[in-house]
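Residue-level structural notes
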Amino acid sequence: MPANPTKVLLTVEEAAEQLTIGRTTLYGLIRTGAITSVRIGKLRRLRPADLATYTTRLSD
């Protein structure tokens, strides 16, 4: 097993940490549609590509 596998989906906490924002702020961005997320049962997950898309739009 690789030492540092690439994650396909991130938890809200992991995504917020990568963006250096709080969980509440990230949930607000998800609610407004600024960042796309997926639901798996009761869990909310984010794709790293969606975080990259959001950060790219910030610089435009």
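These numbers come from a predicted model, not from an experiment. (Residues numbered from 1 in each chain as written. Predicted model: local features only at pLDDT ≥ 70, side-chain atom pairs only at ≥ 80, totals over all residues. Heavy atoms only, no water.)

A closer look at the overall build of the chain
Quick note on the threshold: Under the scheme used here, helices are H or I runs from DSSP no shorter than 4 residues and strands are E runs no shorter than 2 residues, and both carry numbers assigned from the N terminus. Remark: exposure states derive from per-residue accessible area (1.4 Å probe, protein chains only) relative to the maximum for the residue type, with buried under 20%, exposed over 50%, and partly exposed in between. By definition in these notes, contact holds between two residues if any of their heavy atoms fall within 4.5 Å. Computed by Shrake-Rupley with a 1.4 Å probe, the accessible areas treat only the displayed protein chains as cover when residues are assessed. By the counting rule applied here, Lys and Arg register as positive and Asp and Glu as negative, while His and the ends of each chain are not counted. By convention, the charge on Lys lies at NZ, on Arg at CZ, on Asp at CG and on Glu at CD.
The secondary structure content of the chain amounts to three helices and three strands. Beginning at the N terminus, the succession of helices and strands in the chain can be written as β-α-α-β-β-α. In terms of its C-alpha atoms, the chain occupies a principal-axis envelope of roughly 40 × 30 × 15 Å. Looking at the chain as a whole, 27% of its 60 residues qualify as buried. In the chain, the proportion of contacts linking residues at least 24 apart, taken out of those at least 6 apart, comes to 43%. On the chain, roughly 4400 Å² of surface is accessible, and the fraction owed to carbon and sulfur atoms is 55%. Where the 9 positive side-chain charges of the chain centre and where its 5 negative ones centre are 10 Å apart.

A few points about the nonpolar core
Stated precisely, the cut-off is as follows: Definition of nonpolar core: a set of buried residues of the types Ala, Val, Leu, Ile, Met, Phe, Trp, Tyr and Cys, connected through side-chain atoms within 4.5 Å.
Counting residues in each nonpolar core, the largest one holds 12 residues, listed as L10, V12, A15, A16, L19, L26, L29, I30, I35, L46, L51 and Y54. Take this core: its biggest share by element is four residues, from helix α1 (residues 12-19). If we ignore the near neighbours within four places in the chain, the residues touching Y54 are L29, A34 and I35.

Description of helix α2 (residues 23-32)
Those residues of α2 lying buried are L26, G28, L29 and I30. Turning to α2, the residues buried within the fold contact α1, β3 (43-46) and α3 (48-58). G33, located one to two residues past α2, shows a positive phi value of around 85°.

A short note on the pairing of β3
Applicable threshold: By the convention used here, strands pair only if DSSP detects at least 2 bridges between them.
In terms of strand pairing, strand β1 (residues 10-11) meets β3 through two bridges, oriented antiparallel. Across the sheet, the residue bridging to L10 is L46, located in β3. Pairing geometry for strand β2 (residues 38-40) and β3, over three bridges, is antiparallel. When the bridges of β3 are listed, R39 appears paired with R44. The hairpin turn running from β2 into β3, its antiparallel successor, is two residues long, and G41 in that turn takes a positive phi close to 65°.

No statement about biological role is implied by the geometric values presented.
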